[in-house]
Amino acid sequence: MKRTRNSLPFRKAAAVLTAALLATGMAACGNSDTGGGSAGGDDKLVLGFSQVGAESGWRTANTTSIKESAAEAGVELKFDDAQQKQENQIKAIRNFIQQKVDVIAFSPVVESGWDTVLKEAKDAKIPVILTDRAVDSADKSLYKTFLGSDFKKEGRLAGEWLVEQKKSASGPVNIVELQGTTGSAPANDRKEGFAAAIAANPNLKIVASQSGDFTRAGGKQVMEQFLKANPKIDVLFAHNDDMGLGALEAITAAGKVPGKDITIITIDAVKDGMQALADGKFNFIAECSPLLGPQLMELAKKVHKGEEVPARIETEETTFTQEQAKEALPNRKY
Ligand code: AHR
């Protein structure tokens, strides 16, 4: 049959061709709107996130918050667990750069040694957001913003509470300190904030201080050493709940009553820590919120669009005594 302009087969073929051209045109528009990273022809923002690891209850809650918020915000999340190793985080960031993700976010395991890889991200025009932990890079243009806690303040609040509790102590108060991961921002800052606060009372003395790497196992092991080496321990300051929980086992095994023979102060306020506080085994917790996911997704969308964002965004946090923990526990989200 001859195909004239008005014949049915000709009109059908033209309609198919027009639809195909329209579809291609729309897909092309979609790609250019989202910038190079949103591969696959849709508008979904692609976020590469490098997590520290799974060392604590706090970290698990933080990972859940990020994954759930990404799904809710329609963000495609490429998630990498670095198992507490900086070299794994550097590898993950380089992979994200190669994959041309739209935005990179990460929680740096330690503060130093990031300039080279951050420069690579900047050269590839991929904005970087720091979450939870900071870096000590002098060049602030290597990242767009920081979202997280004031760790120094957390340490200070813990120290101030102790100063108040021990204000009428007439003799030395011996403190042991379980530090977080060596070189990490929370370990450095909490140590500094706590030391500055307790300087107000010369009776308060740190007699031993060592890293338990933010883990329960680390807390238990180091506390066992502290107990062996120090006949009189009055206070334990643990840089997170998990190390405090590990230390509880060592203290009980040594025949001492946690919360009574040894005053225990921790940071985080995750459910297990709050339970120990409500049960009278811990004495005080300074909160550190892991629920950073919703704010991170908002920030990622903004920096991807090239919008201005504040250089530093701090989470709102509080402190808990034993009574306050009993009240707060039933509604605790993590
Ligand atoms: O960076 C936040 C800290 O890291 C939390 O206090 C601790 O529990 C975690 O491992």
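Residues numbered from 1 in each chain as written. Predicted model: local features only at pLDDT ≥ 70, side-chain atom pairs only at ≥ 80, totals over all residues. Heavy atoms only, no water.

Turning our eyes to something else, we now look at the nonpolar core. Within the largest apolar cluster, 29 residues are counted, with the highest numbers of intra-cluster contacts made by Leu178, Met223, Phe226, Leu236, Ile262, Met274 and Phe282. Ranked by residue count, the leading element in this core is helix H8 (residues 241-253), at six residues. Setting aside residues no more than four positions away along its own chain, Leu178 makes contact with Gln210, Gly219, Val222, Met223, Phe226, Leu236, Phe237, Ala238, His239, Met243 and Ala247. In terms of nonpolar packing, the next biggest core, distinct from the first, is built from 24 residues, Ile90, Val101, Val117 and Val128 among them. (Core = buried A, V, L, I, M, F, W, Y, C linked by side-chain atoms within 4.5 Å. Buried < 20%, exposed > 50% of the residue type's maximum accessible area, 1.4 Å probe, protein only. Helix = DSSP H or I, 4+ residues; strand = E, 2+ residues; numbered from the N terminus. Contact = heavy atoms within 4.5 Å.)

A separate point is the environment of Gln295. Mapped onto the elements, Gln295 comes out in helix H10 (residues 293-304). Between the alpha carbons of Gln295 and Thr131 there is a distance of 10.0 Å; along the sequence they are 164 residues apart. Apart from residues lying up to four places away in sequence, Gln295 is in contact with Leu147 and Ile313.

Considering all chains together, one arrives at 19 salt bridges under this definition. The salt bridge involving Asp272 is made with Arg216; its shortest N-O contact spans 2.7 Å. With Asp272 in helix H9 (residues 271-278) and Arg216 in helix H7 (residues 216-229), this residue pair connects regions lying 56 residues apart in the sequence. For Asp272, a relative accessible area of 43% puts it in the partly exposed group. Given a relative accessible area of 35%, Arg216 falls into the partly exposed group. Each of the salt bridges in this network shares a partner with another, and the network as a whole consists of Glu55, Arg59, Asp132 and Arg133. (Salt bridge = Lys/Arg side-chain N within 4 Å of Asp/Glu carboxyl O.)

Sheet architecture is open: six strands sit in the order E7-E6-E8-E9-E10-E12, paired in mixed fashion. Both outer strands of the open sheet, strand E7 (204-211) and strand E12 (319-320), are each paired with one neighbouring strand and no more. Strand direction decides the pairing type here: strand E6 (residues 173-179) and E7, joined by seven bridges, are parallel. Each residue of the ladder has a partner; that of Leu178, found in E7, is Gln210. In the packing of H9 onto the sheet, the strands contacted are strand E10 (284-287) and E12, and the crossing angle to E10 comes to about 150°. (Pairing = 2+ DSSP bridges. Axes fitted to C-alpha atoms, helices over the stretch in contact; angles between N-to-C directions.)

Moving on to the packing of helix H2 (residues 57-73) against H10. Packing of H2 against H10 brings their axes to within 8 Å, and their N-to-C directions diverge by 50°. Between H2 and H10, the angle is such that the two are oblique. Helix-helix and strand crossings are classified by hand; for H2 and H10 the assignment is right-handed. Side by side, H2 and H10 meet where Ser65, Ile66, Ser69, Ala70 and Ala73 of the first sit next to Gly293, Pro294, Leu296, Met297 and Lys301 of the second. Grouping the amino acids of the contact of H2 with H10 by side-chain chemistry returns six nonpolar, three polar and one charged. (Parallel < 35°, antiparallel > 145°, perpendicular 65-115°, else oblique. Left-handed = near helix turned anticlockwise from the far one by under 90°. Nonpolar A, V, L, I, M, F, W, Y, C, P; charged D, E, K, R; others polar.)

This next bit is on the sheet that holds strand E2 (residues 76-81). Across the sheet, which stays open at both edges, the six strands sit in the order E2-E1-E3-E4-E5-E11 with parallel pairing between neighbours. Strands at the two margins of the open sheet, each flanked by one partner only, are E2 and strand E11 (312-314). For this sheet, the mean inter-axis angle between neighbouring strands, taken without regard to orientation, is 20°. Looking at chain direction, strand E3 (residues 103-106) and strand E4 (residues 128-132) are connected through three bridges and run parallel. Within the sheet, the bridge partner assigned to Ile104 lies in E4 and is Val128. Contacting strand E1 (46-51), E2 and E4, H2 runs over the sheet at an angle of about 160° to E2. Along the sheet, helix H3 (residues 86-98) makes contact with E1, E2 and E3, crossing E1 at roughly 170°.

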